[in-house]
Amino acid sequence: MNLRLAFRSLWKNPVFAVVSIVVLALGIGANTAIFSVVNAVLLKPLPYQHPERIVDLRTLWPQSGHTGQISGPNFIDWRKQSDSFQAMSLYAGSPEDVFANKTPLRVNVTWTDPQFFKVFGVSPVMGRVFSGEDNKASAAPLAVISQQFFERVFHGDPSALGQTIKMEQHALTIIGVMPAGFDFVDRSQIWAFDPAFLQQWGSARTANNFYGVGLLKSNISLDQARAEATTIGLRLAAEYPNDDSKRSMAVTPLHDELVHRVRTTLYLLLAAVALVLLIACANVANLLLARVTMRRQEIAIRAALGASRKHVIQQLLLEAMALAVPAAAIGLLLGWWSAQLLGHFSPEMLAQAKTISLDWHVGVFTAGIALLCTALFGLAPAFQGSQVDVNSALHEGGSSRVMSSGMGRLRGSIVVAEIAMSMALLIGSAILIRSLLALSAVDPGYQAQGVSVMVLSYPASTPEDQKQAVQFYSNLLQQGAATPGVRAIAGTTALPNEWGSDGLFYIEGKPKPAPGDFQTQEAGFMVVSPGYFPILGIPLTKGREFGDQDQAQAQQTCIINEVFARRFFPGEDPIGHRLQTGYDLNQAYMTIVGVVADVRQVSLDQPPYPYIYMPYQQHPGPAAGMDILFRGSEDSAAALAREAHRLNPEIAVEFTPLKDVVDQAFAPSRFRSGLLTLFAALALVLAIAGLYGVMSYTVAQRKGEIGVRMALGAQPREVLRMILGQGLWLVLPGVVIGAVIAFAGGRVFTSLVYGVKASDPVTFVGIAVLLVVVALLAMYIPARRAADIDPMLALRNE
């Protein structure tokens, strides 16, 4: 009965009901959308059998705290000596060219061992996975494929089992198909196993080419596993004192390793939408307070007829709930649609957001939000409305002043809170936008505009295959340079935003660093072709570039960047000095023949890193995975693809603008700043609407007083100044409180911003001025209305 009365009461005032429901639905929808992403990425357990026991395994250098990839021999020793794990596996993944069912493709491939699928407890939907029997030296290479690859290449034909995939000059026999949704790691489509896996990827203890995963035993805690890893590390250090021995194993929950880069961003966005919801609730609370004021005689009559205060509060709360329920339903739909949109446009670092599903967690969250909203915007009006003075309320005009004095202070306080929360959100979004602009203004040291990338790799695993790969690229580069429309062409093993490889290096005639000493002598390694530096506009500052003279049989050469020269050859000319790199420490020393300007190869927000560039003719192993850069017309890409297929029909080729590759560095910042700006704008609109409502209500309540003032000689401009001044007394405290909130929360922004401080005073002052100006514009309309009051008409009505 009471609920029916609540809906009937709202039906009598449809404008109020619609506005309130829309405002609440926007706040609830925003919260549902962001929570759906948080649920998919941070809260939902990994879709494996024992997700809480799966850990990420990496090498740990205790002295520096540095973690990195694992060497095969060290991992084998860890696995033999550990009692903490039910299964341990190492893996190495990368995009590979494959040839399957007469189709050349480029897909993500993970090379691994027989324990890999035991870690995840995932069974194939067809066939089988790798086993210990496959580990015999005489066994043939095998492959397990994803459901996506199975459907895409074999069209769901069960005869795919037993067929072969050609990859790196090997024929891998397909033995199983994994269920849909399993794509660890990096959305792999093929998991490959070869008994010669370790030999192919590096069998030295200093060759850190792998990652590892493990499944803890049910009775082993994370701390116990870490303690055991430290013990094994000390044992191996004593056993192999000369082989990079100062290392242990880092044991981290796999889920934490996958989400640690996005956790702060998502919590920041969740806090932002929570503020938006609070502002929405505050707006509806103000509307309810105004409505309660207008219903003062109705409430007084109820009280006079015997309704208790508890009954009045209950009825007003039911009316609040009648607003929250449809708002929650609309908000759920709006939030679900928005979450799907966010999942589609989310950056690669939020890959799990692309699997958003509407599960019971999201439903419970939305229902909880609806109840919270009812409490937030319903309680204050309900308690204020129940405090009615029956005698004064039943006398015409008396109730207006009695009730408006208390409610006026409450409504003003709500507006102050709205302004404060809007101020905090606006400052946060402005800081992130300035950070994005600062990052965009950084000179990376290369010119990506107008450069296209031909993504491909030549399958090569043996030294003979690698020589053939070098010849393939030589022919492709030579023919590409002669192709009409191609103005420049070059090859590289690492595109901008890619690390390439890195490790220790030795300079002839200088002391060698200790094994594992990452603090003193480490650099990045890249293999490039002649023309690489000109095509990207990287200036040569000393010496010469690579040319036709840098052949395999010629003297080994290299080029370094300026930061390398400054750090390792201070005060001397590096040209003519010789060094070795971690690619092959047994190779002949390379002579430095040139120095190029610094580039920000990996990250725009980090200073340039020392790099060593090597000619591809002299390093056939890494050169087998080169990508081709070229500047040319639209038709030149098709011509290059035809040439690559002519040289090798099994090569898979893809094209992408280099600028798109570079822009991926901005994707997380754009995603973060864009969403926060959207929420801040929504918060500002709601807060200004609330301020406008309060000022309009104030003018309406004080119409008689203003009429008296004007009858006594007050000028319209004085009335205008008075109303605006009273509004500023609501805005300015909100601005100050919001600035304090933003300053206190600035520590959250520290790791997310570049080129600007989270407490930047220019941003704080600028946002404060903007908010005050917008607030004045919102207050001007009711203030102008007050200045135009006819004193005679106002006094007659009063």
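Residues numbered from 1 in each chain as written. Predicted model: local features only at pLDDT ≥ 70, side-chain atom pairs only at ≥ 80, totals over all residues. Heavy atoms only, no water.

1. Side note on the overall build of the protein chain
Stated precisely, the cut-off is as follows: Only DSSP runs of H or I with at least four residues qualify as helices, and only runs of E with at least two residues qualify as strands; both kinds are numbered from the N terminus onward. Partly exposed residues are those whose accessible area sits between 20% and 50% of the maximum for their type, while under 20% is buried and over 50% is exposed, using a 1.4 Å probe and protein chains only. For the area figures, the Shrake-Rupley method with a 1.4 Å probe applies, and any residue is considered shielded solely by the protein chains shown.
In terms of regular secondary structure, the protein chain is built from 26 helices and 23 strands. In the protein chain, which comprises 798 residues, the share counted as buried stands at 52%. As displayed, the protein chain has an accessible area near 35,100 Å², and 58% of this comes from carbon and sulfur atoms.

2. Concerning the pattern of salt bridges
The following threshold applies: Every case where a carboxyl oxygen of Asp or Glu lies within 4 Å of a side-chain nitrogen of Lys or Arg is listed as a salt bridge.
Using the criterion set out here, one finds 12 salt bridges in the structure. Of the charged contacts, one joins Arg79 and Asp113 as a salt bridge, the two residues approaching to 3.1 Å between their closest N and O atoms. Of this pair, Arg79 sits in helix α3 (residues 72-81) while Asp113 sits in the loop between β5 (103-111) and α4 (116-120); the two residues are 34 residues apart in sequence, bridging distant segments of the chain. Residue Arg79 is classed as partly exposed on the basis of its relative accessible area of 22%. When the shortest N-O distance is used, the salt bridge between Arg434 and Asp760 registers 2.2 Å. Linking Arg434 in helix α14 (residues 398-440) with Asp760 in the loop between α24 (746-749) and α25 (761-787), this pair joins segments that are 326 residues apart in sequence. Through salt bridges with shared partners, one network takes in Asp56, Arg58 and Glu257.

3. A few points about the nonpolar core
Put simply, the test is: In this text, buried Ala, Val, Leu, Ile, Met, Phe, Trp, Tyr and Cys residues form a nonpolar core when linked through side-chain atoms within 4.5 Å. Contacts are residue-level and defined by heavy atoms, with any inter-residue pair within 4.5 Å sufficient.
Counting 97 residues, the largest nonpolar core has Leu323, Phe377, Phe679 and Ile723 as the members making the most contacts within it. With 15 residues, helix α9 (residues 263-294) is the largest single contributor of residues to this core. Phe679 has contacts with Ala30, Ile34, Leu269, Ala272, Val273, Val276 and Leu425, leaving out every residue within four places of it along the chain. Membership of the second largest hydrophobic core comes to 39 residues, among which are Met454, Tyr473, Val595 and Leu640.

4. With respect to a nonpolar patch on the surface
Under the convention used in this document: Note on patches: the residues involved have over 30% relative accessible area and no salt bridge, like charges join within 9 Å, and the nonpolar side chains Val, Leu, Ile, Met, Phe, Trp and Tyr join within 5 Å.
Taken together, the side chains of Val18, Val22, Leu26, Leu334, Trp337 and Leu341 present a nonpolar region at the surface, about 530 Å² in accessible area. Breaking the nonpolar patch down by element, the ones donating at least two residues are α2 (14-43) and α11 (309-345). With respect to the helices and strands, the residue Leu26 is situated in helix α2.

5. Brief notes about the environment of Ser696
Mapped onto the fold, Ser696 is located in helix α21 (residues 667-701). The class of Ser696 is buried, set by a relative accessible area of 18%. Placed 90 residues apart in sequence, Ser696 and Ala786 show a C-alpha to C-alpha distance of 9.0 Å. Filtering out sequence-adjacent residues up to four positions away, Ser696 remains in contact with Pro782 and Arg785.

6. Some words on the side chain of Thr492
Inclusion rule: As used in this structure description, the phrase polar contact means that two N or O atoms lie within 3.5 Å; if the pair is within protein, one of them must be able to donate a hydrogen and the other to accept it, and residues adjacent in sequence are counted only when both atoms belong to side chains.
Considering the arrangement of structural elements, one finds Thr492 in strand β14 (residues 486-492). Within the local environment of Thr492, its side chain forms a polar contact with the backbone oxygen of Ala494, the two atoms lying 3.0 Å apart. The contacts of Thr492, once residues within four sequence positions are left out, are Met526, Val527, Val528, Tyr532, Gly625, Met626, Asp627 and Leu629.

7. Thoughts on the packing of aromatic side chains
To keep it simple, the criterion reads: Ring geometry is summarised as follows: Phe, Tyr and Trp rings, the Trp one being its six-membered ring, pair when their centres sit within 6.5 Å, and such pairs are stacked at plane angles under 30 degrees, edge-to-face over 60 and tilted between the two.
In this structure the tally under the stated criterion is 29 aromatic pairs. Ring geometry for Phe120 and Phe182: centres 5.6 Å apart, planes at 70 degrees, overall edge-to-face. Here the residue Phe120 occupies a position in helix α4, and Phe182 occupies one in the loop between β9 (170-177) and β10 (190-193), the gap between them amounting to 62 residues. Accessibility classification places Phe120 together with Phe182 in one group, the buried group. With a centroid separation of 6.1 Å and an interplanar angle of 90 degrees, the aromatic rings of Phe630 and Phe655 are classed as edge-to-face. Taken as a pair, Phe630 in strand β22 (residues 627-632) and Phe655 in strand β23 (residues 654-657) lie far apart in primary sequence, 25 residues in all. Taking relative accessible area as the criterion, Phe630 reaches 2% and is therefore assigned buried. Relative accessible area serves as the criterion here: at 34%, Phe655 is assigned to the partly exposed category.

8. Considerations on the pairing of strand β15 (residues 501-507)
Residues in a regular strand project their side chains so that they alternate between the two faces of the sheet. Formally: Each pair of strands is called paired provided DSSP finds at least two bridges between the two strands.
With respect to burial, β15 is a largely interior element, five of its seven residues being buried. Judged from the four bridges that link them, β15 and strand β16 (residues 522-528) form a sheet pairing that is antiparallel. In the sheet register, Leu504 faces β16, and the bridge partner there is Glu522. Pairing of β15 with strand β19 (residues 578-581), which is carried by three bridges, proceeds in the antiparallel orientation. Note that in β19 the partner of Tyr506 across the bridge is Gln580.

9. Concerning unusual backbone geometry
In this chain, Phe184 is followed by Val185 through a cis amide linkage whose omega measures 10 degrees. Mapped onto the secondary structure, Val185 falls in the loop between β9 and β10. Phi is positive for Lys102, close to 65 degrees, though the residue is something other than glycine. Within the secondary structure, Lys102 sits in the loop between β4 (85-100) and β5. Relative accessible area serves as the criterion here: at 76%, Lys102 is assigned to the exposed category.

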